[in-house]
Amino acid sequence: MRRSPASSNAPARSRTEMRQKVRTALGSLLQVVLAAGVGLAIGAIMMNATGYDWKEALQALWLGSFGDLWGFADTLAEATPLILTGLTFALSFRAGYFNIGAQGQMIIGALVAVAIGSSLAAPKPIGMIVVILAAAAAGALWAMPASLLRVTRGVHEVITTIMFNWIATYLARYLVFNVLNDPRSAERTVRVLPEVRMGTIIAGADATWALFVSVFIALFFYWLLWHSPWGFEMRIAGLNREALRYAGGSPTWGVHMTFLLAGVAAGVAGATQIIGRPPTFALYGDLSNLGQLGFDGIAVALVGRNHPIGIIFAAIFFGALSTGARTMQIMAGVPLDLIRVVHGVVIMAMAAPETWSILRRYIASRVPARASAAAASRAER
Amino acid sequence: MIFSSLLINALHAMVPITVTATGEILSERAGLVNIGMEGILLISAFAAVVGAEAGGPLLGMLVGMLAGALIGLIHGIITIYFRGDQTISGVGINVLGAGLVAFGLVWQWGQAGFHQVPRAVRFPHIATPFGSLSPMVFVAIALALLTYYLINYTNLGLKLKAVGENPAAADAAGVSVERVRLFGAIYAGALAGLAGAYLSIDWLATVTRSLPAGRGFIALATVVFSGLNPLLAIVGGMIFGFFDGLALVVSTSREVTRVIPYQFIQMLPYVVTLLVVAGVIGRARFPRASGQPYRRE
């Protein structure tokens, strides 16, 4: 934790704190921009090495995602589930855990959305709300065993959440083809009823009102984490479990709560892909309309600095990448999957924030000793 | 008939899990965790096919191993020298692997998602009374034995353990913490690379976008199961390999799939992994400095 400088003068202290805060925020923004830049640069180098026109590709990437209103709407549509799966990773990370089970929790949410959305003929907003709540509950339920096993048996959540992802995938394949299948179309499940489908924001584009559901949940989680006593306990559980125990809190309770809420976000992400994503309003047999959204959430969370507001902007960035990638494939012939390479590089670049303090220390070592000592104490945090 | 094919399949399914787990065990002994095993398996499986199609199966194995070692090196540099978060870097490797291979499949063979490895460049098998067996089964067991010897009976092993338990003391004794850990990172990467090559040019004879199908993570579960003992990685590989092989054999048997849908049979290895890690092991003891970057005072 950052120690605030000891001072008897309160206003001066808050001013220093403020300056410190701004500096930290600018530092992390710079780091995020650099990581994104490194990712795109390596993508461009790969395109060049494999014989594609990288300039044309990057241009297509930009035009497809931000070039016009419809492109931007598609970017927002892609961002909608990413905000939620990003929150899944970020919430658990705040509590000190690596929940990489968003993929499975999202699949379960989508399955429940299909099952209920295709059979519940309720008037307009009620059906939607029921579907979203049920998907949220299902996602939360699917996330619970991981935190239970971690707390009671000490089993690492990376292993358990991945196993649950695979179990969810096979369960979905079974249900899609054998239980929820559409007799008229072998490739997908039954479609959800028109009453539970969410309307588009702009006619002809993919973005629906589901975007506001995502943003609302992000804002709610922000409030919960930073402005409610439960959130405080959750964050302390991540920072220092012993301190929480001494303060009379229960570290395990915070862990279960974060996994539960993380599952809620992922479950709703699954629902938004079913009731809030035209034109199919169903789940494909190869689960292609869920793709890798659960894993993409990890990159979104890291770039968003595991902060709900940061995640909204990071999701728009990654949403733009996937929308632009489609245009890139059409215009420059570059395979869509190249964008996943960019994702991977961005994550790895985000892994090492110390690179910056090492760089700073290196620079400081070339100027007088006082500055170097200050840099070292800052780097020590 | 069913029995011998089950035996052969179980032995074959053991290889990637035991080999990957063995490398990771050595790395974790030195305090360096790499959860990017799934990504390394995938990338090296792809690289091995490219190598094998250029110069035969042996070159393929070598290229796969080198690809794995290279990624291990990158992970090592990020986490040891830049003091990056080991788990985040590992996650990055997994995502990177998915992208590289999906892109590479299209770029190399013009096919999205699937490439069959030609028979001519597959790793040769030995004929046994039970069916054709890959020599990699013996290599896997030999590697686990070698790694056990390396950790417990050599000077290097002593340094590895010291670096994992108490890097500051090891540093004071003149051991280069960074270099020993980097060796662990490369060793784990190279072994996972060999396992990935085995998946594509030997056992499964294909490259797909999700070829390892979670085996990298099952190997990580085996690391936990083994309590960082390479000999137990053989046992772990046998257990998980049996269910992996069973799923492969049984899901093609019509008598069984009529009763149990094959998707549920394919779930088996993952369910068993969950049950084993949840029930059998409990809390394993890991080196004190595991997962911690080392900072010289």
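Residues numbered from 1 in each chain as written. Chains lettered and ligands numbered in written order. Predicted model: local features only at pLDDT ≥ 70, side-chain atom pairs only at ≥ 80, totals over all residues. Heavy atoms only, no water.

**Q** Teacher, can you tell me more about the overall build of chain B here?
**A** The number of helices and strands found in chain B is 12 helices and four strands. Scaling as 2.2 N^0.38, a compact globule of 297 residues should have a C-alpha radius of gyration of about 19 Å, and chain B matches this with 19 Å. Each principal axis of the C-alpha atoms in chain B carries an extent, and together these give about 65 × 45 × 30 Å. Evaluated residue by residue, chain B yields a buried proportion of 61% over its 297 residues. If you take every contact in chain B between residues at least 6 apart in sequence, the share linking residues at least 24 apart comes to 79%. A total of about 11,400 Å² of accessible surface is found on chain B, and carbon and sulfur atoms cover 67% of it. Of the charged side chains in chain B, 17 are positive and 12 negative, and the gap between their average positions amounts to 2 Å. (Helix = DSSP H or I, 4+ residues; strand = E, 2+ residues; numbered from the N terminus. Rg over C-alpha atoms; globule rule 2.2 N^0.38 Å. Buried < 20%, exposed > 50% of the residue type's maximum accessible area, 1.4 Å probe, protein only. Contact = heavy atoms within 4.5 Å. Areas by Shrake-Rupley, 256 points an atom, 1.4 Å probe, with all protein chains shown as cover. Lys, Arg positive; Asp, Glu negative; His and termini not counted. Charge placed at Lys NZ, Arg CZ, Asp CG, Glu CD.)

**Q** Which parts of the structure should I look at to understand helix α11 (residues 293-303) of chain A?
**A** Residue and element names in this part refer to chain A. Taking burial as the measure, the 11 residues of α11 include 10 buried ones, the bulk of the element. Within α11 the residues assigned to the buried category are L293, G294, D296, G297, I298, A299, V300, A301, L302 and V303. Positive phi appears at R305, one or two residues downstream of α11, with a value of about 55°.

**Q** Would you explain the packing of helix α12 (residues 308-332) of chain A against helix α13 (residues 338-351) of chain A in this entry?
**A** Angle between the axes and distance between the axes: these two values describe a pair of packed helices. Residues and elements named next belong to chain A. For the pair α12 and α13, interaxial distance at closest approach is 9 Å and the crossing angle is 150°. One element, α12, and the other, α13, form an angle in the roughly antiparallel class. Seen along the crossing, α12 lies across α13 with a hand that is right-handed. Between α12 and α13, the residues in contact are F318, L321, A325 and M328 and L338, I339, V342, H343 and V346, respectively. (Axes fitted to C-alpha atoms, helices over the stretch in contact; angles between N-to-C directions. Parallel < 35°, antiparallel > 145°, perpendicular 65-115°, else oblique. Left-handed = near helix turned anticlockwise from the far one by under 90°.)

**Q** Mind showing me how you'd approach the interface of chain A and chain B here?
**A** Interface size is often expressed as the accessible area that is lost when the parts come together. Taken together, the 44 residues of chain A in the interface contact 45 residues of chain B. Both sides of the chain A and chain B interface together cover about 4,100 Å² of buried area, and 78% of this is carbon and sulfur. The largest share of the area that chain A buries against chain B comes from M163, Y170 and M348 of chain A, three residues that together contribute 17% of it. Remark: the boundary between chain A and chain B carries one salt bridge. The closest approach of N and O atoms between R209 of chain B and D337 of chain A, which form a salt bridge, is 2.8 Å. Viewed at the interface, chain B and chain A are joined by three residue pairs in polar contact (both at pLDDT 80 or more). Listed by contribution, the elements that provide at least two residues to the side of chain A that touches chain B are α5 (124-153), α6 (157-178), α11, α13 and α14 (354-364) of chain A. (Buried area = accessible area lost by both parts, 1.4 Å probe. Salt bridge = Lys/Arg side-chain N within 4 Å of Asp/Glu carboxyl O. Polar contact = N/O pair within 3.5 Å; in protein donor to acceptor, adjacent residues only side chain to side chain.)

**Q** I tried to follow the pattern of salt bridges on my own but got confused; where do I start?
**A** In a structure, side chains of opposite charge can pair up when their charged atoms sit close to one another. All names here are of chain A. With the rule as written, the count across this model stands at eight salt bridges over all chains. Here E78 makes a salt bridge to R326, at a shortest N to O gap of 2.9 Å. Here the residue E78 occupies a position in helix α3 (residues 69-94), and R326 occupies one in helix α12, the gap between them amounting to 248 residues. R326 sits in the partly exposed class, given a relative accessible area of 34%. R184 serves as the salt-bridge partner of D182, at 3.5 Å between the closest nitrogen and oxygen. Among the residues examined, D182 registers a relative accessible area of 4% and is labelled buried. We classify R184 as exposed; its relative accessible area is 75%. One network of salt bridges, in which partners are shared, links E78, R277 and R326.

**Q** Got a minute to help me understand the side chain of S226 of chain B in this structure?
**A** Residue and element names in this part refer to chain B. Position of S226 among the secondary structure elements: in helix α9 (residues 215-226). For S226, a relative accessible area of 4% gives the class buried. A polar contact is formed between the side chain of S226 and the backbone nitrogen of L228, at a distance of 3.1 Å.

**Q** Please clarify how a nonpolar patch on the surface should be interpreted in this entry.
**A** All names here are of chain A. Side chains of W62, L63, F66, F72, I330 and M331 sit close together on the surface and give an oily, nonpolar patch of about 630 Å² of accessible area. Elements supplying a minimum of two residues to the nonpolar patch: α2 (54-66) and α12. Looking at the element boundaries, F66 is found in helix α2. With relative accessibility at 33%, the residue F66 sits in the partly exposed group. (Patch = residues over 30% accessible without salt bridge, like charges linked within 9 Å, V, L, I, M, F, W, Y side chains within 5 Å.)

**Q** Is there a simple way to think about the packing of aromatic side chains in this case?
**A** Tallied over the full model, the rule gives 23 aromatic pairs over all chains. Within the aromatic cluster, the residues linked to one another by ring pairs are W62, F66 and F72 of chain A. (Phe/Tyr/Trp six-rings, centres within 6.5 Å; stacked < 30°, edge-to-face > 60°.)

**Q** In this structure, what is going on with the pairing of strand β2 (residues 185-189) of chain A? I would like to understand it.
**A** Regular strands place their side chains on alternate faces of the sheet. All names here are of chain A. As paired strands, strand β1 (residues 181-182) and β2 are joined by two bridges and run antiparallel to one another. Looking across to β2, one finds that N181 is bridged to T189. Linking β1 back to β2 in an antiparallel pair, the connection comprises two residues. (Pairing = 2+ DSSP bridges.)

**Q** Explain the nonpolar core to me, please; I cannot follow it from the model alone.
**A** As a rule of thumb, soluble globular proteins bury nonpolar side chains together. Among the nonpolar cores identified, the biggest contains 186 residues, and L87, M328 and V334 of chain A are the most heavily contacted of them. By residue number, the principal contributor to this core is helix α8 (residues 177-203) of chain B, which donates 13 residues. With residues up to four places along the chain from it excluded, the contact list for L87 of chain A reads I217, A218, F221, A265, P308 and I311 of chain A. (Core = buried A, V, L, I, M, F, W, Y, C linked by side-chain atoms within 4.5 Å.)

**Q** Looking at this structure, how should I read the environment of G294 of chain A?
**A** Residues and elements named next belong to chain A. Position of G294 among the secondary structure elements: in helix α11. With 206 residues separating them in the primary sequence, G294 and T88 have C-alpha atoms 8.6 Å apart. Aside from chain neighbours lying at most four places away, what touches G294 is T85, A102, Q103 and M106.

**Q** I keep staring at unusual backbone geometry and nothing clicks. Help me out?
**A** Comment: phi is negative for the bulk of residues other than glycine, and the bulk of peptide bonds are trans. Following P278 of chain A, the chain continues to P279 of chain A via a peptide bond in cis, the omega torsion being 5°. Within the secondary structure, P279 of chain A sits in the loop between α10 (251-275) and α11. Positioned with a positive phi, L287 of chain A is a non-glycine residue whose angle comes to about 55°. Residue placement: L287 of chain A occurs in the loop between α10 and α11. Residue classification places L287 of chain A among the buried residues on the basis of a relative accessible area of 8%. Notably, A213 of chain B is not glycine yet its phi reads approximately 45°, a positive angle. Within the secondary structure, A213 of chain B sits in the loop between β4 (206-208) and α9.

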